[in-house]
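Coordinate analysis (summary)
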Amino acid sequence: MSRPGCLRPLLSDNSGEMVAVTGGWEALGQSGLTQGPIIDWIPLPKRSTLMHLPDRPGLARRRSTGQVGPVPGAHSLAVAAVLPVGYLRLQLPVHQRRQDRPSPTLPLYGYTAVADRDGEIVVAARLSDDFAPWTGPRPGRAVVAAEVTRLQRRMPRSRVVAQLSICALEHNCLTAQNTFLGGGEGALPTSAACNADCLGCISLQTDSGAPASQPRMGRAPSAEDLVAVGAQHLERAERAGLPGMVSFGQGCEGEPLLRERQLMRVASELSGSFPSATIHVNTNGSRPEALRRLMRAGVNSCRISVFSFDQRLFEAYYRPRGYSIDDVLGSCRVAAETGAQLTINLLTFPGVSDSPGEAARTVRRLLELEVGQLQLRSLNVDPLWLLDRVPELPPGIGIGRLVDLIRSSVPRLALGNFTRPLAPAGAR
Ligand code: SF4
């Protein structure tokens, strides 16, 4: 959709009361630190959340003069949408810090530009995937809670069950819930440590002051514990005739490749008992040879997260200890060599991912690597805090145009948001 002039700013007061601003103001979106019209929008999807940004005045454009500035009055704070899974943010909300006092770092959400269009709220976003296990109806909380209690009784000492109970009930993590429900991608959190310190890490924020949205597990579980919980999940899926899938590397943990020896055992036992199962790892791709050994042991699918293929941006975002983007590229090649499913989780950020040099580099890498699916995710982080910490880049072409460019340049690549289970062993 593209009729920028008709969008009015949506702003909030301190109490969270939101109003559409009248009186000749045009709503804008932001890419990096550049403001511009919202040119690509959809109606606010169901299950989105609207939130005001505390201490962050919003900006808009005066239609009469074309000037961009704060909107006077009590309703002056920026408003953002947080999108449900399966949607991709195209622009950031236009906002700035207060000049008179420091603004606290915002919590880790995918802040997205919103506006009012004739009484309807619209958002600068696109649908990026529709996959029923993630986007379809889900069992209610009472059902999940009953299944959590059932497994807690069956495995009272399991560290995995203890961690997943918190994730399923307190953080509403769908993969954690799946492990109790016995279908879909079941979470197996594995590692308490990491060899990176990502600006947007949701399990540990070392210096931003923002709370981690899924605090990291305190102690790593044993291989026996992981096998027991994984096996009960895969057994139930098998009995129900559903594809069996477990995954290491969850939001609540560190880097699974650091637990290579234990995970080799887990992968070997689970793949031996459930040859049709998808044994998946979500990883930062820091240790290609460890990934190779895991794949030899039974891991047959992986998702590697990438903020940028450029070493300078990569370092600024991941703050890696002892590895580089070359290792991440090496991990991508290992996955392809071993025949495993390879997906890349591109952590998109308007004004960075779509900066022309970045866009061209991403396309080049996707052409070169044998990636099956590119997952397009909105990076959840305080936008201004992130922009203070990454090198300044030329203005972006737009996240929507980046997606179109990738689609037309690498037509064999599936674009989406969710990892699919592999076809049954006989059909592979
Ligand atoms: S690699 Fe993953 S676990 Fe490690 S710091 Fe980054 S987001 Fe967190």
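Residues numbered from 1 in each chain as written. Predicted model: local features only at pLDDT ≥ 70, side-chain atom pairs only at ≥ 80, totals over all residues. Heavy atoms only, no water.

A few points about the site of the ligand
Every residue lining the ligand is accounted for by C194, A196, D197, C198, C201, R216, E253, G254 and N284. For the shell around the ligand, the class distribution of residues is four nonpolar, two polar and three charged. (Near = heavy atom within 4 Å. Nonpolar A, V, L, I, M, F, W, Y, C, P; charged D, E, K, R; others polar.)

Some thoughts on the packing of helix α3 (residues 159–169) against helix α4 (residues 174–181)
To describe two helices that pack against each other, one gives the angle between their axes and the distance between the axes. Contact geometry for α3 and α4: axes closest at 8 Å, N-to-C directions at 120°. Overall, the two elements α3 and α4 adopt an arrangement that is oblique. For α3 against α4, the interelement crossing comes out left-handed. Only A176, Q177, T179 and F180 of α4 make contact with α3, whose side of the interface consists of V161, L164, S165, C167 and A168. (Axes fitted to C-alpha atoms, helices over the stretch in contact; angles between N-to-C directions. Helix = DSSP H or I, 4+ residues; strand = E, 2+ residues; numbered from the N terminus. Parallel < 35°, antiparallel > 145°, perpendicular 65-115°, else oblique. Left-handed = near helix turned anticlockwise from the far one by under 90°. Contact = heavy atoms within 4.5 Å.)

A short note on helix α6 (residues 260–273)
Here α6 contains 14 residues, and its C-alpha end-to-end distance of 20 Å stays within 8% of the 20 Å for a straight helix at 1.5 Å per residue. Of the residues making up α6, those classed as buried are E260, L263, V266, A267 and L270. Take α6 and look down its axis: the buried residues cluster within an arc of 120°, on one side only. Exposed residues pointing more than 90 degrees away from the buried face of α6 are listed as R261 and G272. (Expected span 1.5 Å × (residues − 1). Buried < 20%, exposed > 50% of the residue type's maximum accessible area, 1.4 Å probe, protein only. Arc of directions from axis to C-beta.)

Quick look at the packing of helix α10 (residues 356–368) against helix α12 (residues 399–409)
Look at α10 against α12: their axes get within 10 Å of each other, and the N-to-C directions meet at 30°. Our classification of the angle between α10 and α12 gives roughly parallel. In the crossing of α10 with α12, the sense of the turn from one axis to the other is right-handed. Residues A359, T362, V363, L366 and L367 of α10 lie in contact with α12, whose contacting residues are L402, L405, I406 and S409. By residue class, the composition of the contact of α10 with α12 is seven nonpolar, two polar and no charged.

Some words on the side chain of S165
Relative to the assigned elements, S165 resides in helix α3. Accessibility expressed as a relative area gives 7% for S165, which makes it buried. In this structure, S165 is in contact with V148, Q152, E170 and F180, ignoring residues within four places of it in sequence.

Some details on unusual backbone geometry
The backbone phi angle of R47 is positive, close to 70°, even though this residue is not glycine. Assignment of secondary structure puts R47 in the loop between β6 (42–43) and β7 (49–57). With relative accessibility at 57%, the residue R47 sits in the exposed group. Phi at R319 takes a positive value of approximately 45°, unusual for a residue other than glycine. With respect to the helices and strands, the residue R319 is situated in the loop between α8 (311–318) and α9 (325–338). A residue is classified by how much of its surface remains accessible, and R319, at 24% relative accessible area, is partly exposed.

Remarks on the pairing of strand β14 (residues 120–123)
Pairing between β6 and β14: two bridges, direction antiparallel. Paired with P43 across the strands is V122, a residue of β14. Pairing of strand β13 (residues 112–117) with β14 involves four bridges; the strand directions are antiparallel. In the strand pairing of β14, R117 is matched with E120. Counting the residues in the hairpin turn of β13 and β14 gives two residues, including D118, whose phi is positive at 55°. (Pairing = 2+ DSSP bridges.)

Digging into the domain arrangement of the protein
The domain boundaries assigned to the protein delineate domain 1 (7–127) and domain 2 (132–427). Taken over C-alpha atoms, the centre of domain 1 sits 30 Å from the centre of domain 2. Both faces combined, the contact of domain 1 with domain 2 buries some 2,400 Å², and carbon together with sulfur accounts for 60% of it. A per-residue breakdown of the area domain 1 buries against domain 2 is headed by L88, R89 and L108, which together make up 29% of the total. For the interface between domain 1 and domain 2, the tally reads three salt bridges. (Domains from an automatic or database assignment. Buried area = accessible area lost by both parts, 1.4 Å probe. Salt bridge = Lys/Arg side-chain N within 4 Å of Asp/Glu carboxyl O.)

So, the sheet that holds strand β12 (residues 92–93)
The antiparallel open sheet is built from three strands, whose spatial order is β5-β4-β12. The sheet is open, and its two borders are formed by β5 (34–37) and β12, each paired with just one other strand. Here two bridges tie strand β4 (residues 28–31) to β12, and the two strands are oriented antiparallel to one another. Its bridge partner lying in β12, G29 is registered against P93.

A few points about the side chain of S208
In this fold, S208 is placed in the loop between β16 (184–187) and α5 (223–239). Judged by its relative accessible area of 7%, S208 falls in the buried class. Side chain to side chain, S208 and Q205 meet in a polar contact 2.6 Å long. In this structure the side chain of S208 is engaged in a polar contact, spanning 2.9 Å, whose partner is the backbone nitrogen of A210. Setting aside anything within four residues of it in sequence, one finds S208 in contact with T105 and W385. (Polar contact = N/O pair within 3.5 Å; in protein donor to acceptor, adjacent residues only side chain to side chain.)

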